[in-house]
Amino acid sequence: MQQQTSNLYECGVQGSTHSSQIGHLLTRLRGLCSVEVPLNHRELVFRSVPVGSAISEVRARYDYNAIGQKWWVRYISTPHIREKLPATIRNIIDIQVSNNIATFLEYLGYKYDFEYILQGYQFTYQRSLTIKLVQIKKTASSKLWQRNNNIL
């Protein structure tokens, strides 16, 4: 049996809206999309030690809403540069991992950089388009990480 692989891409188009319009936007997205999932994540960003000019970045994501395994790692490639393209396109890889991922990444040479909280909703339109309506919140400090790598 031959293993099938496919490229997974993330196309990022960002925008903002006034807080008074969020209810209207949520109503429209609920009407258009078939699936709505609440998001409540903490993301820790790790960067590799530079080798030449290459620096890679991975994000360890803790999903507060998940049942069972709550940790994911996301590798995000450098942006694909194309002329006349108003969006950022990147290859991404998401992998479900165990809860010692932060220690493992440090053993691989990645260094903790920063973290943030992501709260909001993810909508799916026709099984092919994912729309995230989120608010990103800066964590108070990295003290949680520095205290014996105990983040939660």
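Details of the structure are given in the entry above.
Report follows, based on the coordinates. (Residues numbered from 1 in each chain as written. Predicted model: local features only at pLDDT ≥ 70, side-chain atom pairs only at ≥ 80, totals over all residues. Heavy atoms only, no water.)

**Here's the deal with the overall build of the protein chain**
Within the protein chain one finds three helices and seven strands. The linear arrangement of helices and strands in the protein chain, starting from the amino end, is β-α-β-β-β-β-α-β-β-α. Expressed as a percentage of its 152 residues, the buried residues of the protein chain come to 29%. Of all intrachain contacts in the protein chain linking residues separated by at least 6 positions in sequence, the fraction that spans at least 24 positions is 55%. Total accessible area on the protein chain stands at roughly 11300 Å², and carbon and sulfur atoms take up 51% of it. (Helix = DSSP H or I, 4+ residues; strand = E, 2+ residues; numbered from the N terminus. Buried < 20%, exposed > 50% of the residue type's maximum accessible area, 1.4 Å probe, protein only. Contact = heavy atoms within 4.5 Å. Areas by Shrake-Rupley, 256 points an atom, 1.4 Å probe, with all protein chains shown as cover.)

**Focus on the layout of surface pockets**
Approximately 190 Å³ is the volume attributed to the second largest pocket. Around the second largest pocket, the lining residues are Val37, Pro38, Leu39, His41, Arg61, Asp63, Asn65, Trp72, Arg74, Asp94, Gln122 and Lys132. Mapped by element, the contributors of at least two residues to the lining of the second largest pocket are β2 (35-48), β3 (57-63) and β4 (71-76). Considering every element that reaches the lining of the second largest pocket, the biggest residue donor is β2, with four residues. Residues belonging to the lining of the second largest pocket are distributed by class as follows: four nonpolar, three polar and five charged. (1 Å grid on protein atoms, 1.4 Å probe; cavity = no way out; pocket = protein on both sides within 12 Å on 5 of 7 lines; lining within 4 Å. Points joined across faces, edges and corners; volume = space filled by probe spheres on them. Nonpolar A, V, L, I, M, F, W, Y, C, P; charged D, E, K, R; others polar.)

**Here's the deal with the packing of aromatic side chains**
Scanning the entire structure with this criterion turns up five aromatic pairs. Taking the centre distance of 5.9 Å and the plane angle of 75 degrees together, the rings of Phe46 and Tyr112 count as edge-to-face. Note that Phe46 is positioned in strand β2 and Tyr112 in strand β6 (residues 110-125), a separation of 66 residues in sequence. In this structure Tyr112 comes out as buried when scored by relative accessible area, which is 17%. Summarising the aromatic geometry, the rings of Tyr62 and Trp71 are spaced 5.2 Å apart at their centres and angled 65 degrees between planes, so their arrangement reads as edge-to-face. Comparing Tyr62 with Trp71 shows no difference in burial state: the two are buried. An aromatic cluster is defined as three or more aromatic residues linked by ring pairs; in this entry it consists of Tyr62, Tyr64 and Trp71. Here the guanidinium or amino end of Arg30 rests over the ring plane of Tyr121, the centre of that ring lying 5.5 Å away. (Phe/Tyr/Trp six-rings, centres within 6.5 Å; stacked < 30°, edge-to-face > 60°. Lys NZ or Arg CZ within 6 Å of the ring centre and 35° of its normal.)

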